[in-house]
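Structural description and commentary
If you want the building blocks of each chain, they are given just below.
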Amino acid sequence: EIYNYINIMVAQKHLLYFTEIDSLLQSPNQDFLLANTSLGARYLFNVAKDILRYGTNSAQKITNSLFKQVYSSVNNGEIVCLGTNDGIQLYHWDNLMQKDEQSEKQILNGSSIYSVCWSGSSVIGGGDNGLLVEADANTGKVCRHYQAHEGSVNVVKKRDINTFISAGYDGICRIWDRRSGEVEKTFTPSSWGKADRPKLGTHIRCLDVWDDWVVCGGGPSLSLWYLKQDEGFELLEMGTTVIPRTVQFMQDSIIATGNDSHIFHWSLAGTVKYKVTSKLDCISDLIINTNCREQPFIVAAGSPTELNVFLDFGYLSHTVPLCRGI
């Protein structure tokens, strides 16, 4: 039995070595954190007990659906929406907390969905076939397909109640009007000479939107766009070979990560406020928690499979492994 236990522990270590955390999601009250790995395992953390306290990790492994990879996740205050390599899955938070592995509804079974967002009572997802799908979150019924991009759709983001933005492998960003199903505006970041990096391609990997401002990057450098003009507003330097992987607006700042170990903070004017080094080789996702009574913090995740906790948004406090003892 001891021999079998040791073999299991060694196997788990090797499995985690080849795994990364693809996406993070906070509960509506920000008291819990869901970490989704590239091999289908999902871990639920209690923020107060597991994230903010050193060495007390008791995260629950709530499912281990091998090879059901979760690429992105969002919630609307009640329902969790996951974009996976087997379509869109919808859960109620209560069921997720009770380790219920059966999703409430499944949409587009068999299709890979790389990014999801909410738009009113609908969920919108985009994936490997270049299509966007809009479905009613209450019934799971598909309402509309959009022929969006050549190649994959890498990211979709809600802009307001009627519009959303998509971007993909073809390097084009499109703003859609959900009422008509038509494109409202199109822009191509690589066409702006300052952002173009031909050796890294034209694909868009990440994007966020705030009012009339969009920040996006991938092959092209990370850049800030004002939608009422026809060219980029500001270039956000991360290094000539860094490919941005996640970006978010936060109050008067922009926070982004890429395929290296750093978290960048810029002002909206494009000035670097600070650059923080993590213990991760590559950062896939991060969350910003502003609900903590003690101090706000950031959690970053990627490869290797651990969480890096940054207090006051500015310095690395400690790391949290996925499993105790591994």
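Values in this document were obtained by computation on a predicted structure and should not be read as measured data. (Residues numbered from 1 in each chain as written. Predicted model: local features only at pLDDT ≥ 70, side-chain atom pairs only at ≥ 80, totals over all residues. Heavy atoms only, no water.)

Re the packing of aromatic side chains
Between two aromatic rings, the relevant description is the distance of the centres plus the angle of the planes. For clarity, the threshold we go by: Aromatic pairing here means that ring centres of Phe, Tyr or Trp (its six-membered ring) are within 6.5 Å. Orientation follows from the plane angle: under 30 degrees is stacked, over 60 is edge-to-face, and everything else is tilted. In this text, helices come from DSSP runs of H or I with a minimum length of four residues, and strands from runs of E with a minimum of two, each type numbered from the N-terminal end. Type-normalised accessible area, obtained with a 1.4 Å probe on protein chains alone, sets the label of each residue: buried when under 20%, exposed when over 50%, and partly exposed for intermediate values.
Counted according to the given criterion, the structure contains ten aromatic pairs. Here W192 and W225 contribute two aromatic rings whose centre-to-centre distance is 5.9 Å and whose plane-to-plane angle is 70°, an arrangement assigned as edge-to-face. A residue pair is termed long-range when its members are at least 10 positions apart, and W192 in the loop between β16 (182–187) and β17 (204–210) and W225 in strand β19 (residues 223–226) qualify at 33 residues. Overall, the relative accessible area of 8% leaves W192 in the buried class.

Quick look at the pairing of strand β24 (residues 272–277)
To keep things clear, this is the line we draw: Between any two strands, at least two bridges found by DSSP are needed for them to pair.
Alignment of strand β23 (residues 262–267) against β24, held across five bridges, turns out to be antiparallel. In the sheet register, H265 faces β24, and the bridge partner there is Y274. Following β23, the chain reverses through four residues before pairing antiparallel with β24; G270 in that reversal takes a positive phi of roughly 90°.

With respect to the nonpolar core
Heads up, the rule is: In these notes, a set of buried Ala, Val, Leu, Ile, Met, Phe, Trp, Tyr and Cys residues joined through side-chain atoms within 4.5 Å is what counts as a nonpolar core. Residue contacts are counted whenever heavy atoms from the two residues lie within 4.5 Å of one another.
The biggest cluster of nonpolar side chains holds 18 residues, and the ones touching the most others in it are L24, L33, F45, I51, V299 and L307. Mapped onto this core, the elements with two or more residues apiece are β1 (21–26), β2 (32–37), β3 (41–46), α2 (47–51), β26 (297–303) and β27 (306–311). Beyond its immediate chain neighbours, meaning those up to four positions away, L33 contacts L24, L25, Q26, Y43, L44, F45, V47, I51, I287, V299 and L307. Residues F187, W192, A195 and C216 belong to the second largest nonpolar core, which totals 16 residues.

Quick word on the state of the cysteines
How we decide: Whenever a pair of cysteine sulfur atoms sits within 2.5 Å, that pair is classed as a disulfide.
Applying the stated criterion across every chain, the model contains zero disulfides. Not engaged in a disulfide, the cysteine C117 finds its nearest cysteine sulfur in C81; these two sulfurs lie 8.7 Å apart. The class of C117 is buried, set by a relative accessible area of 4%.

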